Structures are given as structure tokens and as C-alpha cells.
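Listed here are the chains, written in short residue letters.
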There are 2 protein chains.
Amino acid sequence: MKLLKDRILKEGIVVDQDIVRVDMFLNHQLDVDLLYQLGRELFDYFSKEKITKILTVEASGIPLACLTALHFGVPVVYAKKGRVRTQEGNTFSSEIFSYTRNETAFISVHQEYLKPQDRVLVIDDFLASGNAVLSLKNLIDQAGAELAGVGIAIEKGFQEGRGRLKALGINLYSLAIIASLEDDQIIFA
Amino acid sequence: MKLLKDRILKEGIVVDQDIVRVDMFLNHQLDVDLLYQLGRELFDYFSKEKITKILTVEASGIPLACLTALHFGVPVVYAKKGRVRTQEGNTFSSEIFSYTRNETAFISVHQEYLKPQDRVLVIDDFLASGNAVLSLKNLIDQAGAELAGVGIAIEKGFQEGRGRLKALGINLYSLAIIASLEDDQIIFA
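Now for a quick tour of the structure. (Residues numbered from 1 in each chain as written. Chains lettered and ligands numbered in written order. Predicted model: local features only at pLDDT ≥ 70, side-chain atom pairs only at ≥ 80, totals over all residues. Heavy atoms only, no water.)

1. Notes on helix α2 (residues 32-46) of chain B
Residues and elements named next belong to chain B.
Alright, step 1. If you check α2, its first and last C-alpha atoms are 21 Å apart, about what 15 residues at 1.5 Å a residue would give, namely 21 Å.
Alright, step 2. What α2 keeps buried is the set V32, L34, L35, L38, G39, L42 and F46. Across the axial projection of α2, the buried residues extend over an arc of 150 degrees, all falling on one side.
Alright, step 3. For α2, the N-terminal capping position is held by D31, with its side-chain oxygen 3.2 Å away from the main-chain nitrogen of D33. (Helix = DSSP H or I, 4+ residues; strand = E, 2+ residues; numbered from the N terminus. Expected span 1.5 Å × (residues − 1). Buried < 20%, exposed > 50% of the residue type's maximum accessible area, 1.4 Å probe, protein only. Arc of directions from axis to C-beta. Polar contact = N/O pair within 3.5 Å; in protein donor to acceptor, adjacent residues only side chain to side chain.)

2. Digging into the interface of chain B and chain A
Alright, step 1. Facing the 42 residues of chain B at the interface are 42 residues of chain A.
Alright, step 2. Joining chain B to chain A, the criterion identifies two salt bridges.
Alright, step 3. One salt bridge in this structure joins E112 of chain B and R21 of chain A, with 3.7 Å as the shortest N-O distance.
Alright, step 4. Our count for the contact surface shared by chain B and chain A stands at 18 residue pairs in polar contact (both at pLDDT 80 or more).
Alright, step 5. Of all elements in the fold, only β3 (29-30), α2, α3 (62-72), β5 (76-81) and β7 (103-110) of chain B reach the threshold of two or more residues within the side of chain B that touches chain A.
Alright, step 6. With six residues, the top contributor of residues to the side of chain B that touches chain A is α3 of chain B. (Contact = heavy atoms within 4.5 Å. Salt bridge = Lys/Arg side-chain N within 4 Å of Asp/Glu carboxyl O.)

3. A few points about the pairing of strand β4 (residues 53-57) of chain B
Residues and elements named next belong to chain B.
Alright, step 1. Within β4, five of the five residues are buried, which leaves the element mostly enclosed by the surrounding structure.
Alright, step 2. Here β4 shows no split at all, with K53, L55 and V57 on one side and I54 and T56 on the other all buried.
Alright, step 3. Bridge analysis of β4 against strand β8 (residues 119-127) gives three bridges, and the strand direction is parallel. Residue pairing across strands places L55 opposite V122, the latter belonging to β8.
Alright, step 4. Pairing between β4 and β5: four bridges, direction parallel. The residue of β5 that forms the bridge with V57 is A79. (Pairing = 2+ DSSP bridges.)

4. Structural notes on the environment of L4 of chain B
Alright, step 1. Here L4 of chain B is to be found in helix α1 (residues 2-11).
Alright, step 2. Leaving out residues up to four positions away in the same chain, L4 of chain B has contacts with F25, L38, A153, I154, L175 and A176 of chain B.

5. Details of the pairing of β5 of chain B
Alright, step 1. Most of β5 of chain B sits inside the fold, with five of its six residues counted as buried.
Alright, step 2. Where strand β3 (residues 29-30) of chain A meets β5 of chain B, two bridges bridge the pair, whose relative direction is antiparallel. For Q29 of chain A, the partnering residue across the bridge sits in β5 of chain B and is V77 of chain B.
Alright, step 3. Note on the crossover from β4 of chain B through α3 of chain B to β5 of chain B: the handedness is right-handed.
Alright, step 4. Taken together, the two bridges between β5 of chain B and β7 of chain B define a ladder with antiparallel strand orientation. Bridge assignment links K80 of chain B to a residue of β7 of chain B, and that residue is S108 of chain B. (Right-handed = clockwise from strand over helix to strand, strands pointing away.)

6. Concerning the nonpolar core
Alright, step 1. If you look at the biggest cluster of nonpolar residues, it comprises 139 residues, and the most contacted ones within it are I54 of chain A together with I54 of chain B.
Alright, step 2. When residues no more than four places from it in sequence are discounted, the contact partners of I54 of chain B are A65, T68, A69, F72, V74, P75, V76, V77, L121 and I123 of chain B. (Core = buried A, V, L, I, M, F, W, Y, C linked by side-chain atoms within 4.5 Å.)

7. Things to note about the pattern of salt bridges
Residues and elements named next belong to chain A.
Alright, step 1. In total, this model carries 18 salt bridges over all chains according to the counting rule given.
Alright, step 2. Here D23 and R21 are joined by a salt bridge, their closest N and O atoms 3.1 Å apart. Of the two residues, D23 and R21, both sit in the buried class.
Alright, step 3. Between R119 and E49 there is a salt bridge whose closest N-O contact spans 3.1 Å. Linking R119 in strand β8 (residues 119-127) with E49 in the loop between α2 (32-46) and β4 (53-57), this pair joins segments that are 70 residues apart in sequence.
Alright, step 4. According to the relative accessible area criterion, R119 is partly exposed, its value standing at 26%.
Alright, step 5. Taken together, the salt bridges that share partners define one network made up of R7, E11 and D31.

Next up, the structure:
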């Protein structure tokens, strides 16, 4: 999607060959008008999938999930990390290893919010190893719901996420795929 | 705001005299159309405040912040909890004690995203002790920016948040104020 690629080229900061900072518009400071337009593009792509729910994981997936859900007219559910006092028991849970944070997080969704009849669109800001998406798929599987698609803002095409998802037959759409961050250059696929 | 109060009465679950679960529409599963309407109400109230930025803290403040920001046409910044590898140094930081989680969290905002010229609207899903808002105010103060207002979905009117904020002269607007949760009854102020 040209709009997103242009923004990444204009403002993205290559930290190293694995990381590009886009937190000035995507996942710390948020350009909500841009996110709304990204959401419309995801809606156009997945509009025939009869999506009933959008699933993401806190915190950085929430903004795009919300602004995508406005187009679909369906609820967002975000998986929570850790356990909180107001949400005991009755949860689907899974683990997710984040290379960015170098830690394993426990994620969970209340069983009331994922049902067997749900057709779920998973949304996230980044796809890299695919660990986050596969952990969310695990929650969907536990619910007996259907993973109808995965919509991503920025995919690190040089990592294994796409291969792992496609091997499972998952319908994946990334708005921008970065082929390489070597030599401080952002190269799209 | 009648729309929100009606929804709380219809779906909210009183857990004990301090906690009402509204995570079926506000902070786990998200009714984004409702949040968009809450955001418009907050826009109507604060529209003359020349807001340049909306500030919240991850994760549960993000949805309402995003859907309010659409009306204002300004960016959202969300304070992050903990430290991550892609966000080293150059941050304003503060601490926040959460009674819900019974833990102290370290929160931070990159210095690039709060500037002295900013007029900041703080948005959160709940106001209880006021600790979260005061911790965000601390970040705003560090930046030399102006706290122009605080917009809250649900205020626990039986806690000290309002008193602490009003004592500082803060312009506070809560869309629903719960006076009591005793005897499993939700009573609004």
C-alpha cells in the first residue's frame, strides 16, 4: 500500500538490520487518520470473509484493530498480557515469545468473547517471527472459532512469519512488506 | 451520558463494592461504534480547548483515546509500561500504582512526542484513585506541555480521584460517574 510505504520511507528510522522505528505514527504516537485509512484497505481486502470479530494483542495491535473494526462494524477483542484481578478463570490462554522484549508473555482472552461461530480477523502492527499471530491462533483454536484472515501493517519479509502462516493455509495480507533493512536502507519487497 | 449509563446498567457486572466489570464493551472486548460516540461527546465538551495531542496509557486507555482522536484530528500518544529494546533513553518517565493489578508500573513517553507547545487531553477508561492521570500529568509537566483536560469513560465517584484532580484545578469530564456499587447495585451520581 503506497500510502504506508511512503510514510515508512519518510519517517521510519532504521535502528539495526532487524528493527525499524515507526513509533512516531504506528505504535507509540498514533496517526489515527492514517490508521483509519489502513483499516479501510484491510476492510477492502477481507470484506467478503464474513468477519464477526477482530482479535489482537495488547498493546501495539489495539490502535489498528480499533480503526479497522470501524469499517467492519464488528467488535475488537484484545488478548491481555498477564493476569488481572477483574478477570479470573474462564479464559483461553497461550504464551507468546517477543524477540523485541526478549521475554515470554502469558496472554489470555475471556471465553465469553470468542465463540465457535466467530470468524476472526487477526490484526497486528508487525509480523516478524509470526509468534504473536500463532499464539492468537491458538486462542481461536481453543474457542473452536475460525481464523478467517490475518491483516498486518508492516511485515518483516526477511523473517519467517509469512512462511509459517502460509504453511498453515492462513489468508495473510500485509500492507507493507520490508525485504531488507541492511545498510540503513529500507527496501520493500 | 445516557448512552453509556444505559450500557453499564444493561451489561455491567458488579464484582464487589469496588469493581464493576465492563470488559464486554469497554476494555477487553470493544464496541468501537460505542467508543466512537463517546469520543464525539468528549470532543463536544473539550472542542474549545485547542487540543493538540491526546495522551493515555497502555493498554485499556488506547481504544477510547483513538476513537476520540478521530474527532479532534490530533495524534494519540500512549505511555508505555516497562522498557523495550526499540525505545531506549530520551524518555519522560513516571510511576503508577494500580490497585486493580496491585503493582507499581514504570511508564514512559518518548520525549519527541510531548513538546512544550502541546495542549494535552488525557483520556482513560476509568478514573478511581486518580493515580494514572496524575502519573500522566507528571509526564506532561516534564515536557513543559499543558494539561488542557481529562476525559474519562467511567468514574468511580466513591473514590478520591475527582477530589485530587479538582484540587489541582484540572478540567475533568467523566461520561458516567458511579456513586456506589454496594449491594450489587450500580448507582450513578
